[in-house]
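What follows is the residue order along each chain.
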Amino acid sequence: MKHWICFIIFTAAFSAAGAQELYVFTEPASNMPAKSISGKVTARYPDSKYNNFFKQRYTPELMVGINKEWMVHLASTFSDFYTPRLAWESARLYAKYRFYSNDDIHRHFRLAVFAEGAYSRSPFLYEDINLWGDNNGVEAGVIATQLLGRFAFSGSGSVLRVFAKNSGHDHKEHSLQALNYSVSAGYLLFPKNYTDYKQTNINLYLEMLGMRGLDKKHSMLDLAPAVQVIINSNLKINAGYRFQLTGNMLRVGERGMLISVERTFLGAFGRRK
């Protein structure tokens, strides 16, 4: 019940705010420009109350905007979460299809569905299941995004299924299926008025990220503020901090930093439509 109370309060508090929709921790229903390619590197530094040693994960990612409806991501991860030193651990494929768009001047409403799958060689140790490097599995869901001037609001829901490997650990108490949900809001802080595409953009974000196990009574709810700087319309720098509001899952980290850099090459393969 506490999860849903926080979820409703968050939605109400930001329904009158204002931004863009290039969220730091989640995907919007909108796609990247058609015929474009982006390269991205994300660093995650989780912190846990169960230990005091430094952990790190790096995710190089290639993103392709096929057309205005379809985009795909191909990512891999390297971390020292499960090994004494940094090592390769997983690969992930993500695809998104935008099936509805109602566009107007400085506003739009869009809907999209997505599916993804991941292979990971990491042992199944934690109750916080995901496809970011820790588990093998598949996930599918829906995203809705509303842009209103300087404000953007987005919500998503998905079902995740992971596959336990025979790694010598007991999986009986772990959820193998979970419901993921999120609410994201952002505000375009600068520039106040657009005069040139080379102007630097500064966006502020606040996202709420939740999970509830479908086969075990495991759950968590996180809050994640972030700031984003966009330079020359093609270089994006993100910094965010995610921390747990409530939950009963054993996790790699109940809080942590995220830093990412993304470079987009517009019209990389043919004319954009």
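If you're wondering where the values come from, they're calculated on a predicted model, not measured in any experiment. (Residues numbered from 1 in each chain as written. Predicted model: local features only at pLDDT ≥ 70, side-chain atom pairs only at ≥ 80, totals over all residues. Heavy atoms only, no water.)

**Student:** Hey, could you run me through the packing of aromatic side chains in this one?
**Tutor:** The geometry of an aromatic ring pair is captured by the separation of the ring centres together with the interplanar angle, meaning the angle of the planes. Taken as a whole, this structure holds eleven aromatic pairs when the rule is applied. Ring geometry for W70 against Y97: centres 4.9 Å apart, planes inclined by 40 degrees, an arrangement best described as tilted. In this pair, W70 sits in strand β3 (residues 70-79) while Y97 sits in strand β4 (residues 87-104), placing the two residues 27 residues apart along the sequence. A relative accessible area of 38% places W70 in the partly exposed class. With centroids separated by 6.3 Å and ring planes inclined at 25 degrees, the aromatic side chains of W88 and Y119 adopt a geometry described as stacked. Of this pair, W88 sits in strand β4 while Y119 sits in strand β5 (residues 107-120), and the two are 31 residues apart along the sequence. Given a relative accessible area of 31%, W88 falls into the partly exposed group. Note on Y119: relative accessible area 44%, which makes it partly exposed. Through pairs of rings, three or more aromatic residues link up here, namely Y45, F54 and Y58. (Phe/Tyr/Trp six-rings, centres within 6.5 Å; stacked < 30°, edge-to-face > 60°. Helix = DSSP H or I, 4+ residues; strand = E, 2+ residues; numbered from the N terminus. Buried < 20%, exposed > 50% of the residue type's maximum accessible area, 1.4 Å probe, protein only.)

**Student:** Would you mind showing me how to read a nonpolar patch on the surface here?
**Tutor:** Together, F78, L86, W88 and Y119 give the surface a local cluster of nonpolar side chains, amounting to about 370 Å² of exposed area. One can find L86 in the loop between β3 and β4. (Patch = residues over 30% accessible without salt bridge, like charges linked within 9 Å, V, L, I, M, F, W, Y side chains within 5 Å. Areas by Shrake-Rupley, 256 points an atom, 1.4 Å probe, with all protein chains shown as cover. Salt bridge = Lys/Arg side-chain N within 4 Å of Asp/Glu carboxyl O.)

**Student:** How should the sheet that holds β4 be read in this particular structure?
**Tutor:** Hydrogen bonds between backbone atoms are what pair the strands of a sheet, whose relative direction is either parallel or antiparallel. Spatially, twelve strands are ordered β1-β2-β3-β4-β5-β6-β7-β8-β9-β10-β11-β12 in a closed barrel, and the strand pairing comes out antiparallel. Strand-to-strand twist in this sheet, taken as the mean axis angle between neighbours without regard to direction, amounts to 20 degrees. Here strand β2 (residues 57-65) pairs with β3 via seven bridges, running antiparallel. Within the sheet, the bridge partner assigned to L62 lies in β3 and is L74. (Pairing = 2+ DSSP bridges. Axes fitted to C-alpha atoms, helices over the stretch in contact; angles between N-to-C directions.)

**Student:** Just checking my understanding: could you explain the pairing of strand β1 (residues 36-47) for this structure?
**Tutor:** Along any regular strand, the residues point their side chains to alternate faces of the sheet. Relative to β2, β1 runs antiparallel, the two sharing nine bridges. Note on β2: the bridge partner recorded for V41 is P60. Across eleven bridges, β1 lies against strand β12 (residues 255-265) in antiparallel orientation. Across the sheet, A43 pairs through a bridge with I259, a residue of β12.

**Student:** How should I be thinking about the environment of N135 in this particular structure?
**Tutor:** Within the fold, N135 resides in the loop between β5 and β6 (136-148). Considering only alpha carbons, one finds N135 and F163, 28 residues apart in sequence, at a separation of 7.3 Å. Excluding residues within four positions of it along the chain, N135 makes contact with A118, S120, F124, D128, I129, N130 and V162. A distance of 2.9 Å separates a polar side-chain atom of N135 from the backbone nitrogen of N130. (Contact = heavy atoms within 4.5 Å. Polar contact = N/O pair within 3.5 Å; in protein donor to acceptor, adjacent residues only side chain to side chain.)

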